[in-house]
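So you can see what is in the structure, the chains are spelled out below.
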Amino acid sequence: LIRTDKDYISYLKLNDNPANSLSTEMMTAIQTELTDIDTNPSIRVIVFESASEKIFCSGHSLTEVKGMMSDKDVEAQQKLLNQVQLMLKLLGQGQ
């Protein structure tokens, strides 16, 4: 994730080629930036961008989720669910 601030706009560019999937690592990076932006009163707009010209974001990392499901890793599944809920909460704060 690449963050660039210009004037009152913060640009968050997804850069996990080839598909910009939302892995646990990518979601953590987004959450960190959203939390930081929330404490910065000069930022009023957030723009999500893609480093790829073909794909914005493919959604969750299917490789990561498939591994959690096949291993029956309930703890990892719960951690992922909690992370998604936090991301939705952070994105909804600006409404």
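Placed above this text is the structure.
Residues numbered from 1 in each chain as written. Predicted model: local features only at pLDDT ≥ 70, side-chain atom pairs only at ≥ 80, totals over all residues. Heavy atoms only, no water.

**Q** Which residues make up the packing of helix 2 (residues 62–70) against helix 3 (residues 74–92), and what values do they have?
**A** Packing of helix 2 against helix 3 brings their axes to within 8 Å, and their N-to-C directions diverge by 140°. The pairing of helix 2 with helix 3 is recorded here as oblique in orientation. Read as a crossing pair, helix 2 and helix 3 show a hand that is left-handed. Of the residues in helix 3, those in contact with Val-65, Met-68 and Met-69 of helix 2 are Ala-76, Gln-77 and Leu-80. Across the contact of helix 2 with helix 3, the residue classes tally to 5 nonpolar, 1 polar and no charged. (Axes fitted to C-alpha atoms, helices over the stretch in contact; angles between N-to-C directions. Helix = DSSP H or I, 4+ residues; strand = E, 2+ residues; numbered from the N terminus. Parallel < 35°, antiparallel > 145°, perpendicular 65-115°, else oblique. Left-handed = near helix turned anticlockwise from the far one by under 90°. Contact = heavy atoms within 4.5 Å. Nonpolar A, V, L, I, M, F, W, Y, C, P; charged D, E, K, R; others polar.)

**Q** Tell me about a nonpolar patch on the surface, and name the residues and values.
**A** On the surface, Ile-46, Phe-48, Phe-56 and Leu-91 cluster together into a nonpolar patch covering about 330 Å² of accessible area. Turning to its location among the elements, Phe-48 is positioned in strand 3 (residues 45–50). Using a relative accessible area of 31% as the deciding quantity, one classes Phe-48 as partly exposed. (Patch = residues over 30% accessible without salt bridge, like charges linked within 9 Å, V, L, I, M, F, W, Y side chains within 5 Å. Areas by Shrake-Rupley, 256 points an atom, 1.4 Å probe, with all protein chains shown as cover. Salt bridge = Lys/Arg side-chain N within 4 Å of Asp/Glu carboxyl O. Buried < 20%, exposed > 50% of the residue type's maximum accessible area, 1.4 Å probe, protein only.)

**Q** Describe the pairing of strand 3, naming the residues involved and giving the relevant values.
**A** Pairing of strand 2 (residues 9–14) with strand 3 involves 6 bridges; the strand directions are parallel. Within strand 3, the residue paired with Leu-14 across the bridge is Ser-50. (Pairing = 2+ DSSP bridges.)

**Q** Residues and numbers for the sheet that holds strand 2, please.
**A** What the 3 strands build is an open sheet, ordered 1-2-3; its pairing is mixed. A strand with exactly one partner marks an edge of an open sheet, and here the two such strands are strand 1 (2–6) and strand 3. In this sheet, neighbouring strand axes are inclined to one another by 20° on average, regardless of whether the strands run parallel or antiparallel.

**Q** Lay out the nonpolar core with the relevant residues and their values.
**A** Judged by nonpolar contacts, the single largest core of 13 residues is most densely connected at Leu-22, Met-26, Met-27, Ile-30 and Leu-34. Put simply, the parts of the chain that give this core at least two residues each are strand 2, helix 1 (24–38) and helix 3. With 5 residues, helix 1 is the single largest residue contributor to this core. In this view, Leu-34 contacts Leu-12, Ile-46, Phe-48, Leu-90 and Leu-91; residues no more than four positions away in its chain are not counted. (Core = buried A, V, L, I, M, F, W, Y, C linked by side-chain atoms within 4.5 Å.)

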